[in-house]
Every structure is written in C-alpha cells, then in structure tokens.
Amino acid sequence: MDLTFPSGQQRSAALRVSCLPAFQDNYLWVLHDHTHAVVIDPGDAQPVERFLDQHGLLLTAVWVTHHHADHTGGIEALSQRGTIPVYGPGREPLPMLTHDLHAGDEVTLAQPQVPFRVLHLPGHTLGHLGYLVPGPIPWLFCGDTLFGCGCGRLFEGTPAHMLESLHQLARLPPATLVYCAHEYTQANIRFALEVEPDNPALQQRARDCAALRSAGQATVPSAIALECATNPFLRCTQPTVVHTVQSRCPETQPDELSIFTALRAWKNRF
Ligand SMILES: [Zn+2]
C-alpha cells in the first residue's frame, strides 16, 4: 500500500504516542506534539484528563474506532473541555460524532500536525475503522481488530469480513507499528502455541512478552512483521495451522476462510 499522501503532508517530527491504561486491560492512545493532543478510543475520561493536565496539553480531536462503551464512554466528559471534533464511523451509534469517516478518507489535522488515512475493518463491529498515520515507520491504530497475536471477537461481522480486514492490515509495510486497544497478548500467545507449538518466532515472542509483563510493561505496540510471523489468525494458509485445525475439527475444509472460521470458534472456547 502506498503511504505517500498526494498532498505530501507529513506527521510532525515532534509527534509522540503515549499509552494510557484504563479499566482491566484497555489501552487509550494519545498522539501529541507537547502542545496539542488527539485521543483515540477514550473509554474513560479520567486517565485522559489526568494526562492532559499533567503535561499541559490541549485536546483538539477524538478518534473512535468503534461504538463499544470501553472505547467511547469518556467522550461526553472530555467534550466539556471545549468544542472537540469527534471522528469515527457514522454508521455506528456514537455519542457526539462530528466527522463521519469512510474507507480511504485522508485527513490532516493542523494541531497537532498529523495526517491519517481511514481503513474500514469490519468484523468485530460492522463499521469498525482503523487509523493509519504515515511516516518513516507508519502507525496503525486498529481498535479491536488485530490484537497482539490474536484478533477481535466477531460480534457483528462474519468470519469473511474479519479475514478481509486482517488481509488489509497484513499488506501494510512490515515495520508498521500496531497500536491495538487491549493488553491480550500473553493469553493470545498461549492459544497460538496450541496451534503452532514449533514456531520459533512464536516461542521467542512468548519469552519476550513474559519478560515485558513481569517488568510491568505493555506488549503493545507490536509490528505487522511480527504479527505475520506469529499471529495464527494471519497464518491460516500455513501448513501447520491447517494441519492443527483439521486434526481438531476434521470436518474443516482446507481453504483459508474455513480454517480461519474454525480457528476463531476454537479461540472463543479456549
Ligand atoms: Zn470492542
């Protein structure tokens, strides 16, 4: 995928991503240039307000990936800080939405200076969006679509929707950093090891993530290359994955969609 914007806009070199943990295992993400800030999926206003106040930041936009309460519950309280544009999928019930976005939209915020491209990623919900920020290493904010070593549950979409959404993400530049919305990686790795026990990249990831978690650190962001090497939901054409799924569910056909469907159903029970 070509990540050059026709206008040649770049993200500000000063732009930073900060991680705000919320609830049990959610991550809210803040993009800021030390003056202005965008928050992605503010399920809870409190950690966002604390962070803005601590760093003297002015909130200038909210991006929403999908309508679930743990991604939207803080929007109303945050909007009391001023008139704050809320970007998201208009086809989902979102509080205070001001900018209805669609696949392929390219938008550039002025403050902080951040261009982004909109991806439509149905599966977890039908209107689910991803936000791709171009740069030397692109940043992807993908909500509950792609997780560290896993993928979101299919609450509204079909397996075919989710598989196509994951294909879109797998085609991004390998170095793209993946900022998902939950710390699920270790549990997902336990499942992935059932699927591909002999995958050395996965074994290494299990060790790396265990070290990060015991040091109290996030396993997110990961990168597209790491997901392609270790995430079973991106590996449904690998012979080992096909073999494992077919030996557990012998009626499963060997095509990618059938394997993905069976794998997602197995994970739901895992
Ligand atoms: Zn969700």
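Now for a description of the structure that goes with this document. (Residues numbered from 1 in each chain as written. Predicted model: local features only at pLDDT ≥ 70, side-chain atom pairs only at ≥ 80, totals over all residues. Heavy atoms only, no water.)

Residues of helix 8 (residues 239-248) that are buried: Val-241, Val-242, Thr-244 and Val-245. Around the axis of helix 8, the buried residues are gathered within 165° of arc, so they sit on the same side. Opposite the packed face of helix 8, turned more than 90 degrees from it, sit the exposed residues Pro-239, His-243 and Ser-247. On its buried face, helix 8 is in contact with helix 5 (185-195) and helix 9 (256-269). (Buried < 20%, exposed > 50% of the residue type's maximum accessible area, 1.4 Å probe, protein only. Helix = DSSP H or I, 4+ residues; strand = E, 2+ residues; numbered from the N terminus. Arc of directions from axis to C-beta. Contact = heavy atoms within 4.5 Å.)

Turning our eyes to something else, we now look at the coordination of the zinc ion. Tetrahedral metal sites with four donors have an ideal angle of 109.5 degrees; octahedral sites with six donors have ideal angles of 90 or 180 degrees. At the metal site, the zinc ion is ligated by His-66 (NE2), His-68 (ND1), His-124 (NE2) and Asp-144 (OD), and these contacts range over 2.2 to 2.3 Å. Bound by four donor atoms, the zinc ion shows angles of 91 to 173° at the metal and therefore irregular coordination geometry. Linear spacing of the donor residues for the zinc ion on their chain is H-x1-H-x55-H-x19-D. A residue pair is termed long-range when its members are at least 10 positions apart, and His-68 in the loop between strand 4 (58-63) and helix 2 (69-72) and His-124 in the loop between strand 8 (114-120) and strand 9 (129-133) qualify at 56 residues. By relative accessible area, His-68 is classed as buried at 18%. (Donors = N, O, S within 2.8 Å, 3.2 Å for Na, K, Ca; no water. Tetrahedral: all angles 85-135°; square planar, octahedral: opposite > 155°, others 65-115°.)

Structurally, the position occupied by Leu-28 is in strand 2 (residues 26-32). When the C-alpha positions of Leu-28 and His-182 are compared, they lie 8.8 Å apart, and in sequence the two are 154 residues distant.

Remember, this is a structural readout, not a statement about activity or role.
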